[in-house]
Amino acid sequence: MSAGAPLPTLLVIPTGIGCELGGYAGDAIPAARLLAAASGCLITHPNVMNAAALYWSDPRIHYVEGSSLDRFAAGELALRPVRRQRIGLLLDAGIEPELRQRHLQVADGCRASLGLEIGPVVDTDQPLEVSLSLGASGVSWGRLGQPGALLRAGERLKAAGATAIAVVARFPDDPGSEALTAYRQGGGVDALAGAEAVISHLLSQELGLPCAHAPALSPLPLDPDLDPRAAGEELGYTFLACVLVGLSRAPDLVPAPQAQPGDLAMGQVGALLAPAGALGGAAVLAAAERGIPVIAVHNPCLLQVGAEALGLQVLPAASYAEAAGLVLALREGISPAALRRPL
Amino acid sequence: MSALELQPLLLQLERGPGPLTPQVLAALAAHGRPLRWAITAAERRPQGGARLQIEAVILRSGGQP
């Protein structure tokens, strides 16, 4: 491998842990764009790229649902780049007719204005019954009352030819809650994130297709103090556009034994980035256990699970800008240690 | 399929020697199939090792203990 060739790099910013950068509405996209340029090949997950009505598409960025990214990191899956996906739209039967129509119009808009291939549309045979909850640490988790209904709808879409699935579940409205107020003003955790992850993890694991989720919610009253990091979620009636764009070129998920030349495999990955206080996830541990450099980026969050507590060797970075420099050094074959003093 | 259940789980784990991932997965497997998990707290022991808190969502079939 020549110096300067793309260095496949994983970027993980866990959802629902209140990261200062990446804990809101796709506010890690600038960092992802920088890292894509530095690495030439960035593999990351919807929490990083989804900004509701806003999105960014870059052929160097591979959009991989979180549990599939974990399985990729564990060496169980390879990623096969595609020109396009045929995105099935899975709608929760608990969505009211007018809100459902709004989502169908987003799909229409993405077909007409962006040229995406979307369809068919399948409604679940009963409401999914999503509820929100926090874990002992304050991390967002969430519950799904009818997982069987989700999977039945997903299987109908797969049987109808969908190669990726965008799922929209009705989430509980709670416009007066302290958590939502704090989130809109730039504090606390995204209370929806945990349940979103549960839904997309379940679908992707069971069906083996790229999946991503958008919550269906009633519009919120205007907040004059809205934090810019949350603003992407208040520009329209749905959170669906970014999911459809992300999935439109998401790589196929291929069982590792079936990988072919041209597929991306964990053995090619040259670096993984994660928040310095959130190193206790599957992808980070898998990378560390394979000897892949882990770049621990200063990005305050609810957790304090750092390298020392876990006994991991990491490259610390004070910002994503510094982390991009480290990725570029690794890509060019420059020892990161040579960039620090004392040697 | 209708009998599938998702259950939240909170575990404490004393870390042993060797890679951490197999230790976490073994602890979770006793409760079902992990759908999502993370180490959400870690306290290093002065004598070595660490006490870990793991939060997870477990997928179980109905009737499974």
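This section reports on the structure supplied with the text. (Residues numbered from 1 in each chain as written. Chains lettered and ligands numbered in written order. Predicted model: local features only at pLDDT ≥ 70, side-chain atom pairs only at ≥ 80, totals over all residues. Heavy atoms only, no water.)

## Some thoughts on the overall build of chain A
Put simply, the rule is: For the purposes of this entry, the term helix denotes a DSSP run of H or I that reaches at least four residues, the term strand denotes a run of E that reaches at least two, and both are numbered from the N terminus. All radius of gyration figures rest on C-alpha atoms, and the globule criterion is 2.2 Å times the number of residues raised to 0.38. For each residue, the accessible area found with a 1.4 Å probe, counting protein chains only, is set against the maximum for its type, and the residue is called buried under 20%, exposed over 50%, and partly exposed in between. Residue contacts follow a heavy-atom distance rule, with two residues in contact if any of their heavy atoms lie within 4.5 Å. All accessible areas in this document rest on Shrake-Rupley with a 1.4 Å probe, and a residue is counted as covered only by the protein chains that are shown.
When helices and strands are counted, chain A shows 11 helices and 14 strands. Relative to the compact-globule value of 20 Å for 343 residues, chain A shows a C-alpha radius of gyration of 19 Å, a close match. Structurally, chain A occupies a C-alpha span of about 65 × 45 × 35 Å along its principal axes. In chain A, buried positions account for 57% of the 343 residues. Within chain A, contacts between residues at least 6 apart in sequence are counted, and of these 74% link residues at least 24 apart. Put simply, chain A shows about 13,500 Å² of open surface, and 54% of that area lies on carbon and sulfur atoms.

## Some details on unusual backbone geometry
Residues and elements named next belong to chain A. Of note, the amide linkage connecting Gly119 to Pro120 takes the cis form, showing an omega dihedral of 5 degrees. Within the secondary structure, Pro120 is located in strand S6 (residues 117-123). Of note, the bond from Arg341 into Pro342 is cis; its omega dihedral lies within 30 degrees of zero at 0 degrees. Structurally, Pro342 can be placed in the segment after helix H11 (320-331). For Ala52, which is not glycine, the phi dihedral falls at a positive 60 degrees. The topology assignment puts Ala52 in the loop between helix H2 (46-49) and strand S3 (61-63). Look at Ala52 and you get buried, because its relative accessible area is 3%.

## Describing the side chain of B:Glu55
What counts, and what does not: Positive charges come from Lys and Arg alone, negative charges from Asp and Glu alone, with His and the N- and C-terminal ends not counted. A carboxyl oxygen of Asp or Glu within 4 Å of a side-chain nitrogen of Lys or Arg is what we treat as a salt bridge. Here a polar contact is recorded for every N or O atom pair within 3.5 Å, except that within protein the pair must consist of a potential hydrogen donor and a potential acceptor, and residues adjacent in sequence are included only if both atoms are side-chain atoms.
Looking at where B:Glu55 falls in the secondary structure, it is placed in strand S3 (residues 50-60). Despite being buried, B:Glu55 has no salt bridge partner; B:Arg36 is the closest side chain of opposite charge, sitting 8.0 Å away. A distance of 2.6 Å separates polar atoms of two side chains, one belonging to B:Glu55 and the other to A:Ser137. Only 3.4 Å separates the side chain of B:Glu55 from the side chain of B:Gln53, close enough to count as a polar contact. Residue contacts for B:Glu55: discarding those within four places in its chain leaves A:Gly135, A:Ala136, A:Ser137, A:Val139, A:Trp141, B:Leu9, B:Leu10, B:Arg36, B:Trp37, B:Ala38 and B:Thr40.

## Details of the packing of aromatic side chains
Note the threshold: Between rings of Phe, Tyr and Trp, where Trp is taken as its six-membered ring, a pair exists when centres lie within 6.5 Å; planes separated by under 30 degrees are stacked, by over 60 edge-to-face, and by other angles tilted. Each ring is checked for a lysine NZ or an arginine CZ that lies within 6 Å of its centre and within 35 degrees of its normal; such an atom marks a charge sitting over the ring.
Summed over all chains, the structure comprises 1 aromatic pair over all chains. The aromatic ring of A:Tyr24 is capped on one face by A:Arg229, whose charged end is 4.2 Å from the ring centroid.

## Comments concerning helix H4 (residues 97-114) of chain A
Residues and elements named next belong to chain A. As a reminder, the rule being used: Expected span of a helix: the number of residues minus one, times 1.5 Å. Our arc is simply the arc of the directions from the helix axis toward the C-beta atoms.
An ideal rise of 1.5 Å per residue puts 26 Å on 18 residues; H4 measures up with 25 Å between its terminal C-alpha atoms. Along H4, the residues that are buried comprise Leu99, His103, Leu104, Val106, Ala107 and Cys110. Buried residues along H4 cover an arc of 150 degrees about the axis, so they all sit on one side. Within H4, the exposed residues directed more than 90 degrees away from the buried face are Pro97, Glu98, Ala112 and Ser113. Of the surrounding secondary structure, the elements contacted by the buried residues of H4 are strand S5 (86-91), S6, strand S9 (164-170), strand S10 (211-216) and helix H8 (240-248). Gly115, located one to two residues past H4, shows a positive phi value of around 75 degrees.

## A few points about the sheet that holds S5(A)
All names here are of chain A. The condition is simple: Two strands qualify as a pair provided that DSSP identifies no fewer than 2 bridges between them. Each axis is a line fitted through C-alpha atoms, taken for helices only over the stretch in contact, and angles between the N-to-C directions span 0 to 180 degrees.
The strand order across the open sheet formed by 4 strands is S6-S5-S9-S10, and the pairing between neighbours is parallel. With one partner strand each, in any of the chains shown, S6 and S10 form the two edges of the open sheet. When strand polarity is set aside, the average angle formed by the axes of neighbouring strands in this sheet is 20 degrees. Looking at chain direction, S9 and S10 are connected through 6 bridges and run parallel. Note on S10: the bridge partner recorded for Val167 is His213. The strands that H4 touches are S5, S6, S9 and S10; relative to S6, the one it contacts most, it runs at about 160 degrees.

## What to know about the pairing of S5(A)
All names here are of chain A. Counting buried positions over the 6 residues of S5 gives 5, a clear majority of the element. Bridge count for S5 against S6 is 5 bridges, and the pairing is parallel. Within the sheet, the bridge partner assigned to Leu90 lies in S6 and is Val122. Alignment of S5 against S9, held across 5 bridges, turns out to be parallel. When the sheet's bridge partners are listed, Leu91 is paired in S9 with Val168.

## Regarding the environment of B:Arg60
Residue and element names in this part refer to chain B. Within the element layout of this structure, Arg60 appears in strand S3. The class for Arg60 is buried, based on a relative accessible area of 19%. Between the C-alpha atom of Arg60 and that of Glu43, which follows or precedes it by 17 residues, the distance is 30 Å.

## What about the packing of helix H3 (residues 66-73) of chain A against helix H9 (residues 282-289) of chain A?
All names here are of chain A. Cut-off, in case you're wondering: Should an angle fall under 35 degrees it is taken as roughly parallel, and over 145 as roughly antiparallel, whereas 65 to 115 is taken as roughly perpendicular and any remaining angle as oblique. Here a crossing is called left-handed whenever its near helix is offset anticlockwise from the far helix by less than a right angle, and right-handed whenever the offset is clockwise. Polarity classes work like this: nonpolar for Ala, Val, Leu, Ile, Met, Phe, Trp, Tyr, Cys and Pro, charged for Asp, Glu, Lys and Arg, and polar for all others, with Gly in that last group.
The N-to-C vectors of H3 and H9 enclose an angle of 10 degrees; their axes lie 8 Å apart at closest approach. Between H3 and H9, the angle is such that the two are roughly parallel. The two elements H3 and H9 cross, and the hand of that crossing is left-handed. Contacts from Leu69, Asp70 and Ala73 in H3 reach Ala282, Ala283 and Ala286 in H9. When its residues are assigned to classes, the contact of H3 with H9 shows 5 nonpolar, no polar and 1 charged.

## Looking at the nonpolar core
The nonpolar side chains of a soluble globular protein tend to be buried with one another. Short version of the rule: We define a nonpolar core as any set of buried Ala, Val, Leu, Ile, Met, Phe, Trp, Tyr and Cys residues linked to one another through side-chain atoms lying within 4.5 Å.
A:Leu244, A:Ile295 and B:Ile39 are the most contacted members of the largest nonpolar core, which totals 135 residues. Excluding residues within four positions of it along the chain, A:Ile295 makes contact with A:Ala271, A:Leu272, A:Leu273, A:Ala274, A:Leu315, A:Ala317, A:Ala323, A:Leu326, A:Val327 and A:Leu330.

## Observations regarding the pattern of salt bridges
Per the stated rule, a full pass over the model turns up 17 salt bridges over all chains. Linking A:Glu76 and A:Arg71 is a salt bridge whose minimum nitrogen-to-oxygen distance equals 3.3 Å. Residue classification places A:Glu76 among the partly exposed positions, given a relative accessible area of 43%. When salt bridges with common partners are traced through the structure, they connect B:Glu14, B:Glu43, B:Arg45 and B:Arg51 into a single cluster.

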